Amino acid sequence: QVQLVESGGGLVQPGGSLRLSCAASGINFSIYAMGWHRQAPGKQRELVATISAGSTSRNYADSVKGRFTISRDNAKNTVYLQMNNLKPEDTAVYYCNTGNGIFWRREGDYWGQGTQVTVSS
């Protein structure tokens, strides 16, 4: 059974930092590109960051470029999202997702349950 389990969300003040983790099980994690998405209430889901299976390629949405960093540890079957200088507009539920191959081309089949990030003073 495939599971992606996110953690690390919470309430943080503007300008603060959080690190999200997504632990995978039931799949050969090291052959999947991975992505982080987010969805705020009343808004469409947004692809925030992606990373290739071997970490050679990373891409970010313009809205988070320079503030967020995606990384992964294939030995731990885990992908991370380091979020710095958080803004209220970063408030959303964050989801991790497998890509459809070694490099990210589109969303794959497996999703986590999501973790809430709230940025507020």
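Below is a short write-up of the structure. (Residues numbered from 1 in each chain as written. Predicted model: local features only at pLDDT ≥ 70, side-chain atom pairs only at ≥ 80, totals over all residues. Heavy atoms only, no water.)

**Here we look at the overall build of the chain**
To keep things clear, this is the line we draw: Helix and strand definitions follow DSSP, with helices as H or I runs of at least four residues and strands as E runs of at least two, each counted in order from the N terminus. Between the two quantities, the radius of gyration covers C-alpha atoms and the globule rule is 2.2 Å times the number of residues to the power 0.38.
Scanning the chain from N- to C-terminus turns up zero helices and eleven strands. Along its sequence from the N terminus, the chain presents helices and strands in the succession β-β-β-β-β-β-β-β-β-β-β. A compact globule built from 121 residues would reach a C-alpha radius of gyration of about 14 Å, and the chain, at 13 Å, matches this within 12%. Along the first, second and third principal axes, the C-alpha set of the chain runs to 40 × 25 × 25 Å.

**A short note on the sheet that holds strand β3 (residues 18-25)**
Two strands in a sheet stick together by hydrogen bonds in their backbones, pointing the same way (parallel) or opposite ways (antiparallel). Note the following rule: A pair of strands is labelled paired if DSSP reports no fewer than 2 bridges between them. Note on method: axes are straight lines fitted to C-alpha atoms, helices fitted across the in-contact stretch only, with angles between N-to-C directions ranging 0 to 180 degrees.
If you walk across this open sheet you meet the four strands as β1-β3-β8-β7, and the pairing is antiparallel. The open sheet has two edge strands with one neighbour each: β1 (3-7) and β7 (68-73). Looking at each pair of strands side by side, their axes are set apart by 15° on average, direction ignored.

**Regarding the side chain of Arg67**
Put simply, the rule reads: Residues count as neighbours in contact if any of their non-hydrogen atoms are within 4.5 Å of one another.
Among the structural elements, Arg67 can be located in the loop between β6 (58-60) and β7. Apart from the residues within four sequence positions on either side, Arg67 is in contact with Gln82, Met83, Asn84, Asn85, Leu86, Lys87 and Asp90.

**Structural notes on the state of the cysteines**
Inclusion rule: Our working definition of a disulfide is a cysteine sulfur pair at a distance within 2.5 Å. We call a residue buried when its accessible area falls under 20% of the maximum for its residue type, exposed when it is over 50%, and partly exposed in between, using a 1.4 Å probe and counting protein chains only.
With the rule as written, the count across this model stands at one disulfide. A sulfur-sulfur distance of 2.0 Å marks the disulfide that ties Cys22 to Cys96. One disulfide, between Cys22 and Cys96, carries an S-S torsion of 55° and so falls in the right-handed class. In this pair, Cys22 sits in strand β3 while Cys96 sits in strand β9 (residues 92-99), placing the two residues 74 residues apart along the sequence. With a relative accessible area of 0%, Cys22 lands in the buried category.

**Considerations on the pairing of β3**
The pairing of β1 with β3 spans five bridges and is antiparallel. Note on β3: the bridge partner recorded for Gln3 is Ser25. With six bridges joining them, β3 and strand β8 (residues 78-83) adopt antiparallel strand pairing. Within the sheet, the bridge partner assigned to Cys22 lies in β8 and is Val79.

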